[in-house]
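What follows is the residue order along each chain.
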Amino acid sequence: MLRDRRIAVIGGGVIGLSVATRLLEHRAAVTVYSPQPLDRLTSFVAAAYWAPYWVGEYNRSLASTTLIELQRLAAEPSAGIAEFPFEEWLTEAGAKELAGELDTAYWWRHLGGIDFAWEPLTESKSFAWKGQTWEFEQRVRFKSVVARMPDYLGWLESRLRRSTQVQFNEAWVDSLADITPEFDHVVNCTGWGAKTLVKDDADTDAMRLLAGHVVIVDAPEIDTAVSLHRSPFRDAPVYIVPRHGSRHDVLCGGTAIEVTVPLDPREPLTFRRDELCDDVIERVSQVLPSMRGRTQLSCGVGLRPVRRSVRIERDAQQSKLVHCYGHGGSGLTLSWGSADRVIEILAE
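On a predicted model such as this, the values are computed, not experimentally measured, just so you know. (Residues numbered from 1 in each chain as written. Predicted model: local features only at pLDDT ≥ 70, side-chain atom pairs only at ≥ 80, totals over all residues. Heavy atoms only, no water.)

1. Digging into the packing of helix H1 (residues 14–25) against helix H4 (residues 149–161)
Piece 1. Running from N to C, H1 and H4 point in directions that differ by 30°, and their axes come no closer than 10 Å. On the basis of their axis angle, the class for H1 and H4 is roughly parallel. Considering only the axes of H1 and H4, their crossing is left-handed. Within the contact between the two elements, H1 uses Val14, Leu17, Ala20, Thr21 and Leu24 and H4 uses Met149, Tyr152, Leu153, Leu156, Glu157, Arg159 and Leu160.
Piece 2. A breakdown of the residues in the contact of H1 with H4 according to their chemical character gives nine nonpolar, one polar and two charged. (Axes fitted to C-alpha atoms, helices over the stretch in contact; angles between N-to-C directions. Helix = DSSP H or I, 4+ residues; strand = E, 2+ residues; numbered from the N terminus. Parallel < 35°, antiparallel > 145°, perpendicular 65-115°, else oblique. Left-handed = near helix turned anticlockwise from the far one by under 90°. Contact = heavy atoms within 4.5 Å. Nonpolar A, V, L, I, M, F, W, Y, C, P; charged D, E, K, R; others polar.)

Written out as structure tokens, the structure is:
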């Protein structure tokens, strides 16, 4: 039903490229508005492992559909996707917290390939920071899919650029209303940029932008991801995520700091980058002492656009316009399910 329809996708991050790929599969004529190079995108610095994280309300099918697709893509040699074991270490307070929300936090624990377990640690571990020490005696274990985003985004974009049905436009879109008349449909995948582009929507105006700082280090022997994000780490998480692709490296994070200062999406994002990237490495080294002194390959900061709910719907005022943004820290996790939902809306 979408064959030869002229459809614009605004945004070239993981959501926009996933939507554009699905549109291409449905034979649409696609124009992707992506004015920034890949390494300037929030998606580029994302930890990018499959697990619903820092996200508002969402349809669970978006995540489960995406998991199946990412598991399939893990067999693609050049996609930059691999499966790894994960461990979440729990303090006594964290274990009590999880017990009260297991069915909501880990509703996905029974999905295929996850292999979820909650068990004692084989040996106790501790974390010391700024005069306090926390002890860990339990862990959650599961398997998940990790995308090395420089590779994965490049792989998605290159597939699109090879098609005569797809054009890339490097122009900035300052008004969705101005661009809508040129196309049969427009899909707004602007992520945190929607906060300024869709000012008339109350939930978008209230959308929180949580900064996540990451450092990429050379540690190819690390083969298990570790995360701390429950009490007392809910607002100051630590995660260590191995990645395979064109390079085997490790992404270390993180922070979850609400950004309230004005930001210009046209400018590089540098919010407290140097200060907090140093902090990230120090905290990661407290978790895995073997990470201390490793060669740092790069550091960066991205923004999680946390809306009250993920917005995937047709605009009430402009029927040609479909919104697909507000995925919080779960852009990769919800990407293919979101793209499929956009296709359903456009075909209605």
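2. Here we look at the nonpolar core
Piece 1. Grouped together as the largest cluster of nonpolar side chains are 71 residues, with contacts concentrated most on Val19, Leu23 and Tyr152.
Piece 2. Among the elements that make up this core, the one with the highest residue count is helix H9 (residues 331–347) (eight residues).
Piece 3. Look past the residues within four positions of Tyr152 in its chain and what remains in contact with it is Val14, Leu70, Leu73, Ala79, Ile81, Ala147, Leu332 and Trp336.
Piece 4. Listed in part, the 24 residues of the second largest apolar core include Trp134, Phe136, Val226 and Val287. (Core = buried A, V, L, I, M, F, W, Y, C linked by side-chain atoms within 4.5 Å. Buried < 20%, exposed > 50% of the residue type's maximum accessible area, 1.4 Å probe, protein only.)

3. A word on the layout of surface pockets
Piece 1. Of the voids in this model, the second largest pocket is the one considered here, and its volume is about 530 Å³.
Piece 2. Around the second largest pocket, the lining is made up of 20 residues, and of these Pro52, Tyr53, Trp54, Ala105 and Arg230 lie nearest the centre.
Piece 3. Considered class by class, the residues forming the lining of the second largest pocket number twelve nonpolar, three polar and five charged. (1 Å grid on protein atoms, 1.4 Å probe; cavity = no way out; pocket = protein on both sides within 12 Å on 5 of 7 lines; lining within 4 Å. Points joined across faces, edges and corners; volume = space filled by probe spheres on them.)

4. Brief notes about helix H2 (residues 60–73)
Piece 1. Taking 1.5 Å of rise per residue, 14 residues should cover 20 Å, and H2 covers 20 Å from first to last C-alpha, within 8% of that figure.
Piece 2. Residues of H2 that are buried sit in contact with H1, strand S3 (81–90), strand S5 (132–147), H4, strand S13 (296–314) and H9. (Expected span 1.5 Å × (residues − 1).)

5. Overview of the pattern of salt bridges
Pairing of side chains with opposite charge becomes possible as their charged atoms draw close.
Piece 1. Considering all chains together, one arrives at 35 salt bridges under this definition.
Piece 2. Among the salt bridges present, the one from Asp274 reaches Arg273, with a minimum N-O distance of 3.6 Å.
Piece 3. The closest approach of N and O atoms between Arg311 and Glu313, which form a salt bridge, is 2.8 Å.
Piece 4. On the basis of relative accessible area, Arg311 is assigned to the buried category, the value being 7%. (Salt bridge = Lys/Arg side-chain N within 4 Å of Asp/Glu carboxyl O.)

6. Remarks on H4
Piece 1. With 13 residues, H4 should reach 18 Å at 1.5 Å per residue; the first-to-last C-alpha distance of 18 Å fits that figure.
Piece 2. Listed as buried for H4 are Met149, Asp151, Tyr152, Leu153, Trp155, Leu156, Glu157 and Leu160.

7. Details of empty space enclosed by the protein
Piece 1. Tallied over the entire structure, the rule returns one cavity of 30 Å³ or more.
Piece 2. Approximately 30 Å³ is the volume attributed to the largest cavity.
Piece 3. Lining the largest cavity are Trp89, Leu90, Thr91, Gly94, Phe136, His229, Arg230, Ser231, Pro232 and Phe233.
Piece 4. For the lining of the largest cavity, the class distribution of residues is five nonpolar, four polar and one charged.

8. Focus: the pairing of strand S9 (residues 225–228)
Piece 1. Going residue by residue along S9, you find Ala225 and Ser227 tucked away on one face and Val226 and Leu228 tucked away on the opposite face as well.
Piece 2. For S3 and S9, the ladder comprises three bridges, and the chain directions are parallel. Each bridged residue has a counterpart across the sheet, and for Glu87 the counterpart in S9 is Val226.
Piece 3. Across three bridges, S9 lies against strand S10 (residues 238–243) in antiparallel orientation. What sits directly across from Val226, in S10, is Ile240. (Pairing = 2+ DSSP bridges.)

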